[in-house]
Amino acid sequence: MILSLARRAFGSRADRRLARYARTATTIIALSPRYRDLRADALLMEAQLLRDRARTGASLNELTIPAFALVREAARRTLSEEHVPAQLIGGLALHDGLLVEMKTGEGKTLAATLAAFLNGLNGQGVHIATPNDHLAGRDARWMQPVYAALGMSIGAITHDMDDDARRVAYAAEVTYGTASEFGFDYLRDNMKFTTAETVQRGLSFALVDEADAVMIDEARVPLSLFGPLGDRSTLYQSIERVVAKLGPYAYDHYGRKRHVSLTTAGAEIVENALRVAGLLKSGAGLFDIESISLLHHIVQALRAQVLLKRDRDYVVSDGAVVLVDGMTGRLMPGRRYDDGLHQALEAKERQPIGEESRILASITFQTFLRSYDKLAGMTGTALQDAPEYRDVYGLDAITVPTHRPIIRVDDTRYHTSHTEKIEAIMRSIEDANANQQPVLIGAPTVAQSEAFARELTSRGWRQHDFDRDDAPPHDTTGAVAGRVFNLLNARYHAREADIIAMAGLPGAVTIATGMAGRGTDIKLGGGNPALGQQVAASGGLLVIGTEHHDQARLDDQLRGRAGRQGDPGRSIFHAAPDDDLLESALKAPPAQDAERCFNPEELRTQINAAQSLHASTTLEQRFSLSRFDQVIDLQRRVVYDRRLAIRDEPDPLGRIAGLREETIDDLLNKFALTKGPRDDAGLDASVRAILTLAIPVSELPDRVALRAEISTIARQWVQRKIEAVGHRVIGDIVRRIMLALLDQLWAEQSERLEHLKRIIGDRRLPPHKVLTEFRIEAFSSFELMLRDYRHEVTAHVMRLGLGRS
Ligand code: ADP
Ligand code: MG
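Residues numbered from 1 in each chain as written. Chains lettered and ligands numbered in written order. Predicted model: local features only at pLDDT ≥ 70, side-chain atom pairs only at ≥ 80, totals over all residues. Heavy atoms only, no water.

Student: How should I be thinking about the pairing of strand β19 (residues 509–513) in this particular structure?
Tutor: Each regular strand shows side chains that alternate between the opposite faces of the sheet. Most of β19 is tucked away: five of the five residues are buried. Alternating positions in β19 separate into two faces, V509, I511 and T513 on one and T510 and A512 on the other, with burial throughout. Bridge count between strand β16 (residues 439–443) and β19: five bridges; the pairing is parallel. From the neighbouring strand, A443 faces β19, where its bridge partner is T513. (Buried < 20%, exposed > 50% of the residue type's maximum accessible area, 1.4 Å probe, protein only. Helix = DSSP H or I, 4+ residues; strand = E, 2+ residues; numbered from the N terminus. Pairing = 2+ DSSP bridges.)

Student: Hey, could you run me through the sheet that holds strand β11 (residues 331–332) in this one?
Tutor: Within a sheet, adjacent strands bond to each other through the backbone by hydrogen bonds, running parallel or antiparallel. Here three strands make up an open sheet; going across it, the order is β9-β10-β11 and the pairing antiparallel. Bordering the open sheet on either side are β9 (314–317) and β11, each of which pairs with just one other strand. With four bridges joining them, β9 and strand β10 (residues 320–324) adopt antiparallel strand pairing. For V316, the partnering residue across the bridge sits in β10 and is V321. Most of the contacts of helix α13 (residues 341–348) go to β10, to which it runs at about 120 degrees, and overall it touches β9 and β10. (Contact = heavy atoms within 4.5 Å. Axes fitted to C-alpha atoms, helices over the stretch in contact; angles between N-to-C directions.)

Student: Just to check I follow, could you spell out the packing of helix α25 (residues 703–725) against helix α27 (residues 767–799) for this structure?
Tutor: The axes of two packed helices give the description: the angle between them and the distance between them. At their nearest, the axes of α25 and α27 sit 9 Å apart, and the two run at 55 degrees to each other. With respect to α27, the element α25 is oriented oblique. Judged by residue contacts, A714, W717, V718 and K721 of α25 engage V797, M798 and R799 from α27. Looking at the contact of α25 with α27 residue by residue, the classes come out as five nonpolar, no polar and two charged. (Parallel < 35°, antiparallel > 145°, perpendicular 65-115°, else oblique. Nonpolar A, V, L, I, M, F, W, Y, C, P; charged D, E, K, R; others polar.)

Student: How should I be thinking about the pattern of salt bridges in this particular structure?
Tutor: Pairing between side chains of opposite charge can happen when the charged atoms of each approach one another. A full pass over the atoms with the stated rule returns 59 salt bridges. In this structure, the salt-bridge partner of D96 is R20, at a minimum N-O distance of 4.0 Å. Residue D96 is found in the loop between α4 (85–95) and β1 (99–101), and its partner R20 is found in helix α1 (residues 2–36); the two are separated by 76 residues along the sequence. What makes R20 partly exposed here is its relative accessible area of 39%. Here the residues in one salt-bridge network are R36, R72, E73, R76, R77 and E82, joined through shared partners. (Salt bridge = Lys/Arg side-chain N within 4 Å of Asp/Glu carboxyl O.)

Student: Would you take a moment to explain the sheet that holds strand β18 (residues 484–488) for this structure?
Tutor: Reading across the sheet, the seven strands line up as β15-β21-β20-β16-β19-β18-β17 and stay open at both edges, with parallel pairing between neighbours. Here the strands that pair on one side only, and so sit at the sheet edges, are β15 (409–414) and β17 (462–463). Bridge count for β16 against strand β20 (residues 541–545) is four bridges, and the pairing is parallel. Residue V439 lies in a different strand from β20, and its bridge partner there is L542. Along the sheet face, helix α20 (residues 552–559) touches β15, β16, β20 and β21 (569–575) and points at about 145 degrees away from the line of β21.

Student: What am I meant to see in the site of ligand 1 here?
Tutor: Close to ligand 1 lie 18 residues, the nearest being E81, E82, G105, T109 and K523. Here E82 contributes a backbone N or O atom positioned 2.7 Å from a nitrogen atom of ligand 1. Between a nitrogen atom of ligand 1 and a side-chain N or O atom of Q87, the distance comes to 2.8 Å. Isolated, ligand 1 exposes 570 Å² of accessible area, and the fraction of that covered by the protein chains is 85%. The dominant element in the shell around ligand 1, judged by the number of residues it contributes, is helix α5 (residues 108–120), at three residues. (Near = heavy atom within 4 Å. Polar contact = N/O pair within 3.5 Å; in protein donor to acceptor, adjacent residues only side chain to side chain. Areas by Shrake-Rupley, 256 points an atom, 1.4 Å probe, with all protein chains shown as cover.)

Student: For this particular structure, what's the right way to read the packing of aromatic side chains?
Tutor: The description of an aromatic ring pair uses the distance of the two centres, along with the angle that the planes make with each other. Under the criterion given, the structure shown has six aromatic pairs. Considering the side-chain rings of Y147 and Y176, the 6.4 Å spacing of their centres and the 70 degrees angle between planes classify their relative orientation as edge-to-face. Taken together, the residues Y147 in helix α6 (residues 133–149) and Y176 in strand β4 (residues 174–178) connect sequence positions 29 residues apart. Of the two residues examined, Y147 and Y176, each falls in the buried class. Ring centres of F368 and Y372 lie 5.4 Å apart, and the angle between their planes is 75 degrees; on these two criteria the pair is classed as edge-to-face. Residue F368 shares its accessibility class with Y372, and that shared class is buried. Here the aromatic cluster, defined as three or more aromatic residues joined through ring pairs, consists of Y186, F368, Y372 and Y640. Across from the ring centre of F205, 4.9 Å away, lies the NZ or CZ of K374, which sits over that ring. Residue placement shows R736 over the ring face of F193; its charged tip is 4.6 Å from the ring centre. (Phe/Tyr/Trp six-rings, centres within 6.5 Å; stacked < 30°, edge-to-face > 60°. Lys NZ or Arg CZ within 6 Å of the ring centre and 35° of its normal.)

Student: Just to check I follow, could you spell out the packing of α5 against α6 for this structure?
Tutor: Remark: α5 packs on α6, axes separated minimally by 11 Å, with the N-to-C direction vectors making an angle of 60 degrees. Judged by the angle between their axes, α5 and α6 are oblique. Judged by the sense of rotation from one axis to the other, the crossing of α5 with α6 is right-handed. Taken together, the residues of α6 that come into contact with α5 (itself represented by T109, L110, T113, A116 and F117) are R138, D139, W142, M143 and Y147. Looking at side-chain class alone, the contact of α5 with α6 contains six nonpolar, two polar and two charged residues. (Left-handed = near helix turned anticlockwise from the far one by under 90°.)

Shape is all these values report; function is a separate question.
What follows is the structure, encoded as structure tokens:
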């Protein structure tokens, strides 16, 4: 009830919006005659006028109509494609920061130029995110003439570029690239030592193409930069020795033996052993916030010891621990458990301990994309995920009606078994092929697409991976001849685009996974009008889904490959009770006597249930990732802001005085409390260790005098160094020290936060407590990090130039 009310309210609001956009689109189209006859230089001049207005304070909204009309005219001249009303509506919605649904083939690439040009006018940089590098390059080259006609600079980022090339591309008014390159550059820029080394100019407007792929599919895993972590074998070996001695009373396992934790007795034994091994300081406990990483390694060692069994979960061969695939029993050489678990296993099996890398910096797509001042997205399928776009990214979704009505026919066939299903699919491929109707066969995974290719081969079909350079066998008209098929999976983006572009040729049979060739148009007849007509007459592209995806959205995406821009077309999904989707999602295996009382309706219900189950679990995963990252992001911002301030600080020496004073306060608060007894020996040791000073602390009974004395001597010490080495030189050294320490401590903190996430996950807390607990502990560990930062900067500065001054 509430849902349907909400939907209606949502619907009407979106409808009002659409109506408004449609009116604006009419106005824009009416402006066309004004620009049509302008000479090229006059068009450039018009664009420059808009740029001048944008840079002298006019709001972009005032410029929308003339800007869109100019882009439309530029596209007409350069590409012979004029934005249709649906594209103008899409462009308006993008400019308003919406998540825009426009079906596959509607021309989103061209629609994006409208919002990109308009937002590029103010010179703050527009980032257009594409699903892969290949598409970034393609779209930039493809749309380049449109921007060029308006004097707008564009650039494209690809993975293999160096920083100089990146800087040039980011300096452009509009920059194409993948969201992950944008994100990695953001992380890397925040580790640079000078402004001149950075490549980005800030995060102003991001327009995300194929938004579902980035914002939902990829957003499951954060973007992480890794760096080498040196050799920690001794740590693993010492921990292994501690854990190997534990008896069964020392730990508990639960959750079908998938988790293990220490009992109180076990924890006590471990703490003592760690103290003896010198891994835990005498005053510290294993469950203190400072010991998170140690505890994490203990838990990993316990997992290795208790949960993982040799010759079941892994084998030891040739000095290596090789994992065993739990489903197939196959060995998986080269695959490693992460987060130190593999090293723990190697320690258990007395094998050489592998190198490790550590997270230097990490951010989720959710947080990164939200860091832009303005965000918009476009996708072929938005509505299923509308709540997620709104809650996680703050984006409202809107559906732009297609330019021409969709006449594609969608169908699903239910079969009693896999064998029967394959037979039916084969029959429809043969039938279509007899009429030279092109067929696109979609499989959910690479493995399934390969299995299907084997099936075709066994029936006398021949795999021939053709593209433009290596044409398929064809007849005189250009139609594909013979029983050949093409297999593509998401491995080589550039080649895929070539292949998929030919999937609309008469007689073509192409097997693809969902991601493969995404973003590339399948034109009927491969772009040849005569062949296109022939294909249209044979019914257009036939899309066959060999199995439902775990998400309905991906099913829709595949169906949408056919029937683009009002083309004829057909899509058929095939389902059977032994589909992977059902086996993995539903607890009860499908009934044995499926043959006898087969009920398609029941199968349909089961598939829907499996898809919604999958949708809700992955949604929950992403929400929880995003919630944790919101906590982490508070710290990330503090670190990045501080880093930026240090990097651009004209007087870095001014900062270290403050850090030194705070350090002295920390020491006094620890060893010389206002109330209670003083620990002169501890204070003396710390003053020596951090400040490198020998100060007769016990001769200064008054706390205020003591503080003043330490402070004065420390200040004079630094002052002498500055005079000896020179203000400028030492300033630069100090800046580098501060930045390097901040980076190192932040990397350690990022790792600790990862460990904390896991440890809290292991605590068996009620769900609502998990985040609270994480927030509290993350905060205390951050305070410790900041304290370490003060102390280490001070200690480094006090030791500077020793021997020279
Ligand atoms: P989408 O990204 O929405 O799937 P594309 O941007 O790949 O679609 O465009 C699909 C095809 O439509 C391209 O071949 C493009 O040249 C063509 N196209 C787009 N807009 C227009 C237009 N206004 N007029 C004519 N053809 C267009
Ligand atoms: Mg596209």
